[in-house]
Amino acid sequence: MLERGADVQSVETVAGGYGWSALNSAAAAGHKDVVALLVRKCANLEATNAHGHTPLHSAAARGHIHVVRFIAEIDENYWKGTDEYKHWKKGEGKEKSFEESGLWIATTQYLDAKSGGKKSRTAAELADAFDHDFVKEFLDQRHEELEIAEQRRGGTNKAPPAEQKGRGKT
């Protein structure tokens, strides 16, 4: 369908539907290869369904650690393989930073995003609510890693480097 021009951003519009995008559906079903394909085609990782769930929320709520890990670890090297980057590189002629891309998503802000509705929760809170402890632990760990990286980029990191954690304690 993508080869025939299907809109990667299209959303289900059936009356009474959940407003699923293809990316959200693939993440909820645990189809990492489909998620990767859609992300390479610039699907919106921040798009939410009728419950306010991003693809990360949907994967976390269902315990799909492989999809959660993929989304939470998208980096600059991955971005350089996307259609967005290739298209931009041909047309712009100047270097675009990863932070300017639509994939600059793996941030503490993204991990902290709450779903909509009455029971607004982060992806980690959803994983915990559905007893997917391994997903919650991964997301908590990833949050900590991203927080340290963000502090270092901002020049405000007062924490010791990861390899020195725990040293000096008695």
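Anything mentioned here points back to the structure above.
Reading the values: rules and limits
- Residues numbered from 1 in each chain as written.
- Predicted model: local features only at pLDDT ≥ 70, side-chain atom pairs only at ≥ 80, totals over all residues.
- Heavy atoms only, no water.
- Helix = DSSP H or I, 4+ residues; strand = E, 2+ residues; numbered from the N terminus.
- Patch = residues over 30% accessible without salt bridge, like charges linked within 9 Å, V, L, I, M, F, W, Y side chains within 5 Å.
- Areas by Shrake-Rupley, 256 points an atom, 1.4 Å probe, with all protein chains shown as cover.
- Salt bridge = Lys/Arg side-chain N within 4 Å of Asp/Glu carboxyl O.
- Lys, Arg positive; Asp, Glu negative; His and termini not counted.
- Charge placed at Lys NZ, Arg CZ, Asp CG, Glu CD.
- Buried < 20%, exposed > 50% of the residue type's maximum accessible area, 1.4 Å probe, protein only.
- Arc of directions from axis to C-beta.
- Core = buried A, V, L, I, M, F, W, Y, C linked by side-chain atoms within 4.5 Å.
- Contact = heavy atoms within 4.5 Å.
- Axes fitted to C-alpha atoms, helices over the stretch in contact; angles between N-to-C directions.
- Parallel < 35°, antiparallel > 145°, perpendicular 65-115°, else oblique.
- Nonpolar A, V, L, I, M, F, W, Y, C, P; charged D, E, K, R; others polar.

Chemist: Tell me what's going on with the environment of Phe130, and back it up with residues and numbers.
Modeler: With respect to the helices and strands, the residue Phe130 is situated in the loop between helix 8 (123–129) and helix 9 (133–153). Once the C-alpha coordinates of Phe130 and Ala61 are considered, the two residues, 69 residues apart in sequence, prove to be 6.2 Å apart.

Chemist: Before we move on, can you summarise a negative patch on the surface with the specific residues and values?
Modeler: On the surface, Asp128, Asp131, Asp133 and Glu137 cluster together into a patch of negative charge. Relative to the helices and strands, Asp133 resides in helix 9.

Chemist: Help me get a handle on helix 2 (residues 32–40), residues and values and all.
Modeler: Among all positions in helix 2, only Val35, Ala36, Leu38 and Val39 are buried. Around the axis of helix 2, the buried residues are gathered within 165 degrees of arc, so they sit on the same side. Within two residues after helix 2, Cys42 carries a phi angle of roughly 75 degrees, on the positive side.

Chemist: Which residues make up the nonpolar core, and what values do they have?
Modeler: Nonpolar side chains in soluble globular proteins generally cluster together in the buried interior. If you look at the biggest cluster of nonpolar residues, it comprises 28 residues, and the most contacted ones within it are Val35, Leu56, Val68, Ile71 and Leu139. Looking at this core, the elements with two or more residues in it are helix 1 (22–29), helix 2, helix 3 (55–61), helix 4 (65–72), helix 7 (108–112), helix 8 and helix 9. For this core, the element with the highest residue contribution is helix 4, accounting for 5 residues. With residues up to four places along the chain from it excluded, the contact list for Leu56 reads Val68, Ile71, Tyr110, Leu111, Ala123 and Leu139.

Chemist: For the pattern of salt bridges, give the residues involved together with the corresponding values.
Modeler: Summed over all chains, the structure comprises 4 salt bridges. The residue Lys114 makes a salt bridge to Glu125 at a minimum N-O spacing of 3.3 Å. Separated by 11 residues along the polypeptide, Lys114 in the loop between helix 7 and helix 8 and Glu125 in helix 8 bring together distant segments of the chain. Classification of Lys114 as partly exposed rests on a relative accessible area of 46%. Across the pair Glu145 and Arg142 runs a salt bridge, and its minimum N-O distance is 3.3 Å. Taken as a pair, Glu145 and Arg142 lie in helix 9 at a separation of 3 residues, close to a single helical turn. The class of Glu145 is partly exposed, set by a relative accessible area of 35%. Residue classification places Arg142 among the buried residues on the basis of a relative accessible area of 14%.

Chemist: I'd like a description of the environment of His53, backed by residues and values.
Modeler: On the secondary structure map, His53 appears in the loop between helix 2 and helix 3. On the accessibility criterion, His53 (15% relative accessible area) is buried. As a C-alpha pair, His53 and Ala28 span 25 residues in sequence and 9.9 Å in three-dimensional space. Apart from residues no more than four positions distant in its own chain, His53 is found in contact with Asn24, Ala47, Thr48, Ser58, Ser115 and Leu126.

Chemist: Now, about helix 1: what can you tell me, with residues and values included?
Modeler: By the burial criterion, the buried members of helix 1 are Leu23, Asn24, Ala26, Ala27 and Ala28. Next to the buried residues of helix 1 lie helix 2, helix 3 and helix 4. Of the residues trailing helix 1, Gly30 is marked for its positive phi of about 80 degrees.

Chemist: Go over the packing of helix 4 against helix 9, please, and point to the residues and values.
Modeler: Contact geometry of helix 4 with helix 9 gives a least axis separation of 10 Å together with a crossing angle of 10 degrees. Classified by the angle between their axes, helix 4 and helix 9 sit roughly parallel to one another. Only Phe134, Val135, Phe138, Leu139 and Arg142 of helix 9 make contact with helix 4, whose side of the interface consists of Ile65, Val68, Arg69 and Ala72. In terms of residue class, the contact of helix 4 with helix 9 is built from 7 nonpolar, no polar and 2 charged.

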